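Working through the structure, step by step
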Amino acid sequence: MYNKITNKLLTLMNKVYGNKNEISLGLARKKGLNSSLKTIQKELNKLSKKETSSLYKEMESYYLNGYLDTADTTRKPIKKSKDKSRHPWSGMNAGQRINMHSTKYMRELTSGIENLIRKGASRASVVSFIVATGDKYSDRLATLYRTELWHMEREGVLDGMKYNKVKFIEYVTRRDNRVCPECQALEEYNDGIYPIEDAPILPRHPHCRCVHIPHEK
Ligand SMILES: [Zn+2]
Ligand SMILES: [Zn+2]
């Protein structure tokens with residue numbers, strides 16, 4: 001999504017710059033800097049909406065896969081997958097996070113471009129700032145995807161275990177040297193055994209790789 005925005009903005013900035021290598025902020029505004037940013041804002045809003053609905057669809061299918069791989073049933077809890085995907089499990093839901101990213105991106109982009117032009121930076125530095133900002137937000141979006149999808153799959157597995165009448169789960173880390181102190185502590189507490197209703201929500205943080213497995217007594 002941010003790559004598309006970057007390309008579009010670079011095209012618009014070509015018009016703002018014309019054949020010049022440096023321009024003043026006043027001239028940039030006269031040549032349409034503000035209206036270019038407004039166009040970008042509109043495009044970003046549209047793309048964010050699309051991105052949100054496609055992420056929700058993917059989240060639903062990750063939940064259902066986790067559930068069906070675990071539960072001894074072939075019945076799909078469709079409604080639950082929808083409710084879960086919209087649930088703000090980490091303080092915000094995926095759609096709100098995507099919107100928050102978009103807002104931050106626009107703010108960073110606008111003030112960054114204006115500051116560079118004000119400081120008399122070259123056209124090339126403005127271009128590389130636009131590209132770098134787009135890349136940064138693409139990475140954030142990819143992390144958001146990974147985190148949300150991992151969460152939904154783990155929720156599906158957990159609900160599948162509940163369907164199978166599992167009463168206790170074990171919290172299991174990857175047991176390598178990348179496990180963080182928080183995850184380590186959750187695995188060590190009471191040997192990682194929790195009543196399924198109190199299972200720690202996964203993931204604990206982006207890049208957390210922990211899972212729940214059924215605890216057999
Ligand atoms: Zn961790
Ligand atoms: Zn973890």
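Since the model is a prediction, treat every value here as computed from it, not as a measurement. (Residues numbered from 1 in each chain as written. Chains lettered and ligands numbered in written order. Predicted model: local features only at pLDDT ≥ 70, side-chain atom pairs only at ≥ 80, totals over all residues.)

Examined against the element boundaries, Leu 202 turns out to sit in the loop between strand E2 (193–195) and strand E3 (211–214). For Leu 202, a count of 23 C-beta atoms within 10 Å puts it in the buried group. In this structure the C-alpha to C-alpha distance between Leu 202 and Trp 89, which are 113 residues apart in sequence, comes to 9.6 Å. In this structure Leu 202 touches His 151, Arg 154, Cys 208, Cys 210 and His 212, once residues within four positions along its chain are discounted. (Helix = DSSP H or I, 4+ residues; strand = E, 2+ residues; numbered from the N terminus. Buried ≥ 20, exposed ≤ 12 C-beta atoms within 10 Å, placed from the backbone. Contact = placed C-beta atoms within 7 Å.)

If you look at the biggest cluster of nonpolar residues, it comprises 17 residues, and the most contacted ones within it are Tyr 2 and Ile 5. If we ignore the near neighbours within four places in the chain, the residues touching Ile 5 are Ile 40, Glu 43, Leu 44, Leu 47 and Gly 134. (Core = buried A, V, L, I, M, F, W, Y, C linked by C-beta atoms within 7 Å.)

With that settled, consider the domain arrangement of the protein. One can read the domain layout of the protein as domain 1 (2–164) and domain 2 (166–217). For domain 1 and domain 2, the distance between their C-alpha centres works out to 30 Å. Partitioned by chemical class, the residues of the side of domain 1 that touches domain 2 number five nonpolar, four polar and two charged. (Domains from an automatic or database assignment. Nonpolar A, V, L, I, M, F, W, Y, C, P; charged D, E, K, R; others polar.)

Within the sequence span of helix H4 (residues 78–86), burial applies to Ser 81, Lys 84 and Ser 85. Buried residues of H4 fall within an arc of 100° about the axis and therefore sit on the same side. Seen from the buried face of H4, the exposed residues on the opposite side, beyond 90 degrees, are Lys 79 and Asp 83. (Arc of directions from axis to C-beta.)

This part is about the sheet that holds E3. Sheet architecture is open: three strands sit in the order E2-E1-E3, paired in antiparallel fashion. Across the chains shown, the open sheet's two edge strands, defined by having one partner strand only, are E2 and E3. Sheet twist, expressed as the mean angle between neighbouring strand axes with direction ignored, is 40°. Across the face of the sheet, helix H6 (residues 123–163) comes into contact with strand E1 (168–172) and E3 while running at roughly 15° to E3. (Pairing = 2+ DSSP bridges. Axes fitted to C-alpha atoms, helices over the stretch in contact; angles between N-to-C directions.)

What follows deals with the environment of Cys 180. By the element assignment, Cys 180 lies in the loop between E1 and helix H7 (181–188). We classify Cys 180 as partly exposed; it has 13 C-beta atoms within 10 Å.

So, about the packing of helix H3 (residues 33–70) against helix H5 (residues 94–118). Contact geometry of H3 with H5 gives a least axis separation of 9 Å together with a crossing angle of 155°. Regarding the angle of H3 to H5, the classification is roughly antiparallel. Viewed along their axes, H3 and H5 form a crossing whose handedness is right-handed. Only Ala 94, Gly 95, Ile 98, Asn 99, Ser 102, Met 106 and Thr 110 of H5 make contact with H3, whose side of the interface consists of Leu 37, Gln 41, Leu 44, Ser 48, Glu 51, Thr 52, Leu 55, Tyr 56 and Met 59. When the residues that make up the contact of H3 with H5 are grouped by side-chain class, the tally is eight nonpolar, seven polar and one charged. (Parallel < 35°, antiparallel > 145°, perpendicular 65-115°, else oblique. Left-handed = near helix turned anticlockwise from the far one by under 90°.)

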